[in-house]
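Architecture at a glance
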Amino acid sequence: MLSIVVGGFFGDEGKGKIVAYLGLADKPAIAVRCGAINAGHTVTYNGRKWKLRIVPSAFISRNIELLIAPGALIRLDVLFKEIDETGTKCRLFLDKHTGVIELCHVESERYNSFLAGKIGSTLQGVGAAMADRVLRKLRLAYEFDELKGMVKNVPDTVNEALDKDHDVIIEGTQGTFLSLYHGTYPYVTSRDTTASAFASEVGVGPKRVDEVIVVFKAYVTRVGSGPLDGELSFDEIVRRRWCEKATVTGRVRRAAPFNIELAKKATILNSATQAAITKLDILFPETQGVTEWGKLPYKVRKWIENIEDAINTPVTLIGTGEDVKHIIDRRRELGFLRR
Ligand code: IMP
Ligand code: MG
């Protein structure tokens, strides 16, 4: 079975936690990371916290093979640092076509006033490397001696695993409305960030996809520039305890209440079969650490059911705290689990 996890808003919805949970709960054979090192995914598990920019978030489950998509972009220093921090040296592989961001890309963005000023880019060199890739001059993984022994054919590995009926999870990055095609252009990132794009980044066709899980946070945040309907003042963000700092850049995230219209649009653009909602405990503190649907207060269940009705899609996973284990998994009761 192939599942794709995507962000439903502007990134930072908590995809890392959801993917890490699915790794532990479902023990897929393979987890593939897409996107690039501008996307930070946070995993908190058993008192430890990892801020991942390239290693798949499902790494906490020990036997999963970890792959980086041919459509992804790495930086060598970021990759090796994270492999060390996660202890994943022997089970992490890249595709020979995975792109490599070099110093020249980072430098060229740093002095680009359009990206730094108007767009509020993370300035990690990702856009510059993508531009070089389109111009067919970006260097790819197979050209680097440092990566020898870590290169594997990712599309073949994934498609063969699916032929054998093994489970595979694809970890998308950022959010639907940061998509180069479907987002709030020009305030977007340098790639499409919808489920179809992540399937393409990995090298699996649309007919192979079984589940698309769109991840929303209980409120909306956005870093960098661009429209944000219902945006709250900084004082109000602090008062509601919605204040967050960006994983990669450390910037304070802008925030607004949950946006049903965006959620509907994201569900359609990704053809989501399931939705996840994270940080429920920030909106409703009494839900902190709850792991059973029936133990949620009535008004909270109603709040979630209203969203389900609006997006016409079941909310199967609900985050109630930072730790990967703080989650309500309704997939069995809603008929989503085969095994
Ligand atoms: P860039 O992709 O780094 O050039 O940034 C373009 C826009 O996308 C900026 O507003 C960034 O803050 C935003 N962005 C890029 N990656 C992420 C992410 O992983 N999470 C949240 N925002 C992101
Ligand atoms: Mg993030």
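Residues numbered from 1 in each chain as written. Chains lettered and ligands numbered in written order. Predicted model: local features only at pLDDT ≥ 70, side-chain atom pairs only at ≥ 80, totals over all residues. Heavy atoms only, no water.

Below, the discussion takes up the side chain of H41. Mapped onto the elements, H41 comes out in strand β3 (residues 41–45). Look at H41 and you get buried, because its relative accessible area is 4%. Reaching out from H41, the side chain makes a polar contact with the side chain of E171 at a distance of 2.6 Å. (Helix = DSSP H or I, 4+ residues; strand = E, 2+ residues; numbered from the N terminus. Buried < 20%, exposed > 50% of the residue type's maximum accessible area, 1.4 Å probe, protein only. Polar contact = N/O pair within 3.5 Å; in protein donor to acceptor, adjacent residues only side chain to side chain.)

Between helix α3 (residues 103–110) and helix α5 (residues 126–134), the least distance of the axes is 7 Å, while the angle of their chain directions is 120°. In terms of their interaxial angle, α3 and α5 are classed as oblique. At the point where α3 passes α5, the crossing takes the right-handed sense. The segment α3 lies against α5, with H105, S108 and E109 engaging V126, G127, A128, A129 and D132. When the residues that make up the contact of α3 with α5 are grouped by side-chain class, the tally is three nonpolar, three polar and two charged. (Axes fitted to C-alpha atoms, helices over the stretch in contact; angles between N-to-C directions. Parallel < 35°, antiparallel > 145°, perpendicular 65-115°, else oblique. Left-handed = near helix turned anticlockwise from the far one by under 90°. Contact = heavy atoms within 4.5 Å. Nonpolar A, V, L, I, M, F, W, Y, C, P; charged D, E, K, R; others polar.)

Turning to the coordination of the magnesium ion (ligand 2), a few remarks are in order. For a metal with four tetrahedral donors the ideal donor-metal-donor angle is 109.5 degrees, whereas six octahedral donors ideally subtend 90 or 180 degrees. Looking at the magnesium ion (ligand 2), one finds its protein donor set to be D12 (OD) and G40 (O), positioned 2.0 to 2.3 Å from the metal centre. With D12 in the loop between β1 (2–7) and α1 (15–26) and G40 in the loop between β2 (30–33) and β3, the pair connects residues that are 28 residues apart, well separated along the chain. G40 sits in the buried class, given a relative accessible area of 13%. (Donors = N, O, S within 2.8 Å, 3.2 Å for Na, K, Ca; no water.)

It is worth spelling out helix α9 (residues 260–269) at this point. Listed as buried for α9 are L262, A263, A266 and T267. End-on view of α9: buried residues confined to an arc of 135°, all on one side of the axis. Exposed residues pointing more than 90 degrees away from the buried face of α9 are listed as E261 and I268. Buried-residue contacts for α9 involve β10 (211–217) and α11 (298–311). (Arc of directions from axis to C-beta.)

Judged by pairing direction, the sheet is mixed, and its nine strands sit side by side in the order β7-β5-β2-β9-β1-β10-β13-β14-β15 without closing on themselves. Two strands close off the open sheet at either side, each with one partner strand: β7 (92–94) and β15 (327–329). Taking each pair of neighbouring strands and ignoring which way they run, the sheet shows an average axis angle of 20°. One ladder, built from four bridges, connects β2 with strand β9 (residues 168–171); its direction is parallel. Its bridge partner lying in β9, I30 is registered against V168. Helix α7 (residues 195–202) contacts β1, β2, β9 and β10 of the sheet and is inclined by roughly 125° relative to β1. (Pairing = 2+ DSSP bridges.)

Bringing the site of ligand 1 into the picture now. Close to ligand 1 lie 16 residues, the nearest being A39, S121, T122, Q174 and T189. Between a nitrogen atom of ligand 1 and a side-chain N or O atom of D12, the distance comes to 3.4 Å. Side-chain polar atom of T122 to an oxygen atom of ligand 1: 2.4 Å apart, as the coordinates give it. In isolation ligand 1 has 470 Å² of accessible area, and contact with the protein removes 96% of it. Taken atom by atom, the bulk of ligand 1 overlaps the largest pocket. (Near = heavy atom within 4 Å. Areas by Shrake-Rupley, 256 points an atom, 1.4 Å probe, with all protein chains shown as cover. 1 Å grid on protein atoms, 1.4 Å probe; cavity = no way out; pocket = protein on both sides within 12 Å on 5 of 7 lines; lining within 4 Å. Sits in = over half its atoms within 2 Å of the grid points.)

Glancing now at the pattern of salt bridges. All told, the structure shown has 26 salt bridges when counted by the stated rule. Note that D163 and R208 form a salt bridge whose closest N and O atoms lie 2.9 Å from each other. Here D163, found in helix α6 (residues 154–163), pairs with R208, found in the loop between α7 and β10; they are 45 residues apart in sequence, far enough to count as distant. With a closest N to O distance of 3.5 Å, E261 and K264 form a salt bridge. In this pair, E261 and K264 are both assigned in helix α9, three residues apart and thus about one turn of the helix distant. Each member of the salt-bridge network shares a partner with another, and the members are D12, K217, E244, R253 and K279. (Salt bridge = Lys/Arg side-chain N within 4 Å of Asp/Glu carboxyl O.)

Purely geometric numbers; function is a separate question.
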